[in-house]
Amino acid sequence: MLLMEEKILSEGAVLPGGVLKVGSFLNQRIDTGFLREIGREIARLFAEDGVNKILTVEASGIAIAAAALEMQVPMLFAKKHKTSNVDGSVLSAPVHSFTHNTDYNIMVSRDYLGKGDRVLLVDDFLANGAALCGLLELCRGAGAEVAGAAVAIEKAFQGGGALLRGEGLRVEALARIASMEDGNIRFVR
Ligand code: 5GP
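First, a word on scope: everything that follows refers to the structure included in this document. (Residues numbered from 1 in each chain as written. Predicted model: local features only at pLDDT ≥ 70, side-chain atom pairs only at ≥ 80, totals over all residues. Heavy atoms only, no water.)

### Some points on the site of the ligand
(1) Moving on: Taken together, 17 residues are adjacent to the ligand, and Leu 20, Asp 123, Gly 129, Ala 131 and Lys 155 come closest.
(2) Moving on: In the model, an oxygen atom of the ligand is placed 3.1 Å from a nitrogen or oxygen of the Ala 130 main chain.
(3) Moving on: A distance of 2.8 Å separates an oxygen atom of the ligand from a polar atom in the backbone of Ala 131.
(4) Moving on: Burial of the ligand by the protein chains amounts to 90% of its free accessible area of 500 Å².
(5) Moving on: Judged by the fraction of its atoms near the pocket grid, the ligand is located in the largest pocket.
(6) Moving on: For the shell around the ligand, the elements supplying multiple residues, two or more each, are strand 2 (19–21), strand 7 (118–126) and helix 6 (130–142).
(7) Moving on: Considering every element that reaches the shell around the ligand, the biggest residue donor is strand 7, with four residues.
(8) Moving on: Looking at the shell around the ligand, its residues break down into eight nonpolar, six polar and three charged. (Near = heavy atom within 4 Å. Polar contact = N/O pair within 3.5 Å; in protein donor to acceptor, adjacent residues only side chain to side chain. Areas by Shrake-Rupley, 256 points an atom, 1.4 Å probe, with all protein chains shown as cover. 1 Å grid on protein atoms, 1.4 Å probe; cavity = no way out; pocket = protein on both sides within 12 Å on 5 of 7 lines; lining within 4 Å. Sits in = over half its atoms within 2 Å of the grid points. Helix = DSSP H or I, 4+ residues; strand = E, 2+ residues; numbered from the N terminus. Nonpolar A, V, L, I, M, F, W, Y, C, P; charged D, E, K, R; others polar.)

### Some remarks on the packing of aromatic side chains
(1) Moving on: Counting across every chain of the model gives one aromatic pair.
(2) Moving on: Note on Phe 25 and Phe 34: the rings are 5.6 Å apart at their centroids and 70° apart in plane angle, and the pair reads as edge-to-face.
(3) Moving on: The lysine or arginine in question, Lys 7, covers the ring of Phe 34, its NZ or CZ lying 5.4 Å from the ring centre.
(4) Moving on: A cation over a ring is seen here: Arg 170 above Phe 46, with NZ or CZ 4.0 Å from the ring centre. (Phe/Tyr/Trp six-rings, centres within 6.5 Å; stacked < 30°, edge-to-face > 60°. Lys NZ or Arg CZ within 6 Å of the ring centre and 35° of its normal.)

Written out as structure tokens, the structure is:
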């Protein structure tokens with residue numbers, strides 16, 4: 001998606017440790033017109049795949065799940081903390097956070113994900129693949145099928161995309177970054 005590449009080049013900032021900051025349009029302030037385009041593109045990519053639910057993880061994945069509006073399916077987000085909102089029987093999976101270098105559990109209620117669901121996983125970034133692996137594990141535990149995954153930005157120089165595609169998962173990225181050395185962002189061509 002050319003628009004995503006242009007947005008990254010004009011507004012993204014490369015931080016130490018291989019982190020791309022996109023707070024001005026995706027992670028903190030949200031460019032709503034642009035978000036609509038993201039949703040439309042993801043919906044177009046998975047239009048023929050029988051998706052009946054979108055699953056992401058709080059907090060930054062939630063905006064990308066705007067694709068659910070375009071696909072007219074419910075969207076579900078896994079929580080990172082067990083609160084009174086997550087009661088009853090829950091599915092959980094461990095995730096290692098790339099940006100915070102910590103481990104946490106993600107969880108969803110069994111009431112909201114189960115057999116008969118055909119799920120599209122979405123997230124803002126794909127780096128080492130831990131977040132998507134955690135979401136896959138939730139789906140597996142629920143007996144739900146996974147149609148594929150859509151991410152706004154894949155950092156292809158990290159291993160997550162190769163790992164997940166190698167396992168047979170369809171992964172679509174709206175922009176694929178090949179490298180960010182010395183602050184110069186290059187895309188996969
Ligand atoms: P992974 O689990 O694939 O290693 O990393 C993906 C998760 O970490 C995403 O949910 C995203 O929130 C966060 N993340 C990974 N890399 C970046 C990055 O370069 N910039 C930002 N803003 N978040 C990232």
